[in-house]
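# Examining the three-dimensional arrangement
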Amino acid sequence: MKVLVTGVAGFIGFHVAEALLKQGMNVIGVDSLNDYYDPALKAARLKQLEPYPSFSFQKLDVADHQAMLSLTESHPDLEAVVHLAAQAGVRHSMVDPYSYVTSNVMGQVALLEACRHLKNLTHVVYASSSSVYGRNRSTPFRETDRVDQPSSLYAVTKRAAELTSESYAYLYGIPQTGLRFFTVYGPWGRPDMAYYGFAKAISEGRPVTLYDGKNLSRDFTYIDDIVRGVLKVLGRPPEAGTSRVLNLGGDKPEKVVRMIELLERNLDQKAVVECRPRPVADMESTWASLENIKELCGWEPEVSFEDGMKEFCLWFRKFYGI
Ligand SMILES: NC(=O)c1ccc[n+]([C@@H]2O[C@H](COP(=O)([O-])OP(=O)(O)OC[C@H]3O[C@@H](n4cnc5c(N)ncnc54)[C@H](O)[C@@H]3O)[C@@H](O)[C@H]2O)c1
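What this report covers is the structure whose coordinates are included nearby. All figures in this text were calculated on a predicted structure; none of them were measured in a lab.

## Concerning the overall build of the protein chain
Counting secondary structure elements, the protein chain contains ten helices and 13 strands. Relative to a compact globule of 322 residues, whose C-alpha radius of gyration would be 20 Å, the protein chain shows 19 Å and is just as compact. Over its C-alpha atoms, taken along the principal directions, the protein chain stretches across nearly 55 × 45 × 40 Å. Counting all 322 residues of the protein chain, 54% fall into the buried class. If you take every contact in the protein chain between residues at least 6 apart in sequence, the share linking residues at least 24 apart comes to 83%. Accessible surface, the protein chain: about 14000 Å² in total, of which carbon and sulfur atoms supply 50%. In the protein chain, 36 positive and 39 negative side-chain charges are present, and the distance between their average locations comes to 3 Å.

Spelled out as structure tokens, the structure:
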């Protein structure tokens, strides 16, 4: 099977592509390699994929609709798409809002327009986010909850992508699944996320900023669980002409202070913690209801927060030679 993976140099895209390649699939990977965070990390991830003969890479902006069209025209035998390219990060959407609209809204439209011409396409799986639940208070968050009180522009663009997909499923019959990921962490992770930034600060003796005292919690999900979920869902497309959204979370909200404890233990260093009020775009807590994905494919998270943070720290120490 030939699969297009967008955002292939990113944290989740890299892991998904590697898992597909290990299963013997052909992977066409695209990424703009932007400098939102250190492009050297993106290059290092790509280097891991290069040895696979069935992997090919193209540097490309998914919002460039002409380039996307040329891509699918030159690969008419594509059977599945995992669309992970996006401008991620909640707080940064207050700094550079336009990049979110371009990559996440225009990018979704350009991808789906390009997909309309693929005759063998069975399924488009794309990344949504727990952030769409915004200011909802009732947990766990369910896919049937109303999601019309976003607390960031990032969330707005992810919800817009979901609605775009719903309309393209209805109009053009493309079967699609949006996965609402909940705080994904692990080796080869994203430097702008708290667990990674805190690890860097702790290892360099700099203070870490803890927002909202001890209240902030996240439904952390280990990368291997996410990859397993993406692959399971990819093999179970919804009926032609329909789309759906599914939560993919850890189902065990953890306090951010617990994350700091685990980093201290696994990095063998004490953290200097500075407390600040929570930024307005950040949600206080997240927690995924997993009933729907369990029913669809029996997926449940398997890696505990303790084991996952240990694996992340092992990778982190090796990667930075600590
Ligand atoms: N990591 C998480 O906790 C998390 C949570 C919820 C949702 N998500 C979503 O999952 C997806 C993958 O996230 P990630 O954590 O791997 O982030 P990431 O930033 O590591 O990966 C995204 C990749 O997309 C690329 N990209 C960005 N804009 C692009 C464009 N216009 N054209 C082509 N490539 C572009 C980037 O260069 C990057 O390599 C994103 O859609 C993100 O919004 C992630």
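## Observations concerning the packing of aromatic side chains
Going through the model one piece at a time under the given rule, you end up with 25 aromatic pairs. Note on Tyr100 and Tyr154: the rings are 6.1 Å apart at their centroids and 80° apart in plane angle, and the pair reads as edge-to-face. One end of the pair, Tyr100, is in helix H4 (residues 97-115); the other, Tyr154, is in helix H5 (residues 153-172), and 54 residues separate them in sequence. No difference in accessibility class separates Tyr100 from Tyr154, as the two residues are buried. Ring centres of Tyr195 and Phe312 lie 4.9 Å apart, and the angle between their planes is 80°; this geometry places the pair in the edge-to-face category. Placement of Tyr195 in helix H6 (residues 194-203) and of Phe312 in helix H10 (residues 305-319) is noted, with a sequence separation of 117 residues between them. Above the ring of Tyr37, the side-chain terminus of Lys42 is found at 4.6 Å from the ring centroid.

## As for the nonpolar core
Phe181 and Leu263 are the most contacted members of the largest nonpolar core, which totals 76 residues. Contact partners of Phe181, with chain neighbours within four places excluded, come to Ile12, Leu84, Ala127, Ser128, Ser129, Ser130, Ile226, Val230 and Leu248. Core analysis: the second largest hydrophobic core is formed by 20 residues, Leu78, Leu112, Val124 and Ile174 among them.

## Structural notes on the site of the ligand
Surrounding the ligand, one finds 29 residues, the nearest of these being Asp31, Tyr37, Tyr154, Lys158 and Val184. Contacts to the ligand include Ser32, whose backbone N or O atom sits 3.0 Å from a nitrogen atom. Residue Leu84 places a main-chain N or O atom 3.1 Å away from an oxygen atom belonging to the ligand. Considering the ligand on its own, with 820 Å² of exposed area, one finds that the protein chains cover 97% of that surface. For the shell around the ligand, the secondary structure elements donating two or more residues are helix H1 (11-22), strand E5 (123-129) and H5. At three residues, E5 tops the list of elements feeding residues into the shell around the ligand. A breakdown of the residues in the shell around the ligand according to their chemical character gives 16 nonpolar, eight polar and five charged.

## Points about unusual backbone geometry
Omega for the peptide link from Thr139 to Pro140 comes to -5°, which places this bond in the cis form. A positive phi angle is found at Leu33, which is not glycine, with a value near 55°. Leu33 sits in the partly exposed class, given a relative accessible area of 24%. Here Asp268, not a glycine, exhibits a phi torsion of approximately 60°, which is positive. By the element assignment, Asp268 lies in the loop between helix H8 (256-267) and strand E13 (273-276).

## Brief notes about the layout of surface pockets
Counted as a void, the second largest pocket has a volume near 200 Å³. Lining the second largest pocket are 13 residues, and of these Gly134, Arg137, Arg278, Met283 and Glu284 sit closest to its centre. A class-by-class count of the residues in the lining of the second largest pocket yields three nonpolar, five polar and five charged.

## Comments concerning the sheet that holds strand E4 (residues 80-83)
Here we have seven strands laid out as an open sheet, ordered E3-E2-E1-E4-E5-E6-E11, and parallel in their pairing. Edge positions in the sheet fall to strand E3 (55-59) and strand E11 (243-248), since each of these pairs with one other strand and no more. Each strand of the sheet is rotated relative to its neighbour by a mean of 20°, with strand direction disregarded. With six bridges joining them, strand E6 (residues 176-181) and E11 adopt parallel strand pairing. The partner of Phe181 across the bridge, within E11, is Leu248.

## Digging into a nonpolar patch on the surface
Among the surface-exposed residues, Met94, Val95 and Val280 lie close enough to one another that they form a single nonpolar patch of about 360 Å² accessible area. You can see Met94 is positioned in the loop between E4 and H4.

How each quantity is defined
- Residues numbered from 1 in each chain as written.
- Predicted model: local features only at pLDDT ≥ 70, side-chain atom pairs only at ≥ 80, totals over all residues.
- Heavy atoms only, no water.
- Helix = DSSP H or I, 4+ residues; strand = E, 2+ residues; numbered from the N terminus.
- Rg over C-alpha atoms; globule rule 2.2 N^0.38 Å.
- Buried < 20%, exposed > 50% of the residue type's maximum accessible area, 1.4 Å probe, protein only.
- Contact = heavy atoms within 4.5 Å.
- Areas by Shrake-Rupley, 256 points an atom, 1.4 Å probe, with all protein chains shown as cover.
- Lys, Arg positive; Asp, Glu negative; His and termini not counted.
- Charge placed at Lys NZ, Arg CZ, Asp CG, Glu CD.
- Phe/Tyr/Trp six-rings, centres within 6.5 Å; stacked < 30°, edge-to-face > 60°.
- Lys NZ or Arg CZ within 6 Å of the ring centre and 35° of its normal.
- Core = buried A, V, L, I, M, F, W, Y, C linked by side-chain atoms within 4.5 Å.
- Near = heavy atom within 4 Å.
- Polar contact = N/O pair within 3.5 Å; in protein donor to acceptor, adjacent residues only side chain to side chain.
- Nonpolar A, V, L, I, M, F, W, Y, C, P; charged D, E, K, R; others polar.
- 1 Å grid on protein atoms, 1.4 Å probe; cavity = no way out; pocket = protein on both sides within 12 Å on 5 of 7 lines; lining within 4 Å.
- Points joined across faces, edges and corners; volume = space filled by probe spheres on them.
- Pairing = 2+ DSSP bridges.
- Axes fitted to C-alpha atoms, helices over the stretch in contact; angles between N-to-C directions.
- Patch = residues over 30% accessible without salt bridge, like charges linked within 9 Å, V, L, I, M, F, W, Y side chains within 5 Å.
- Salt bridge = Lys/Arg side-chain N within 4 Å of Asp/Glu carboxyl O.

Honestly, it's all geometry; don't read function into it.
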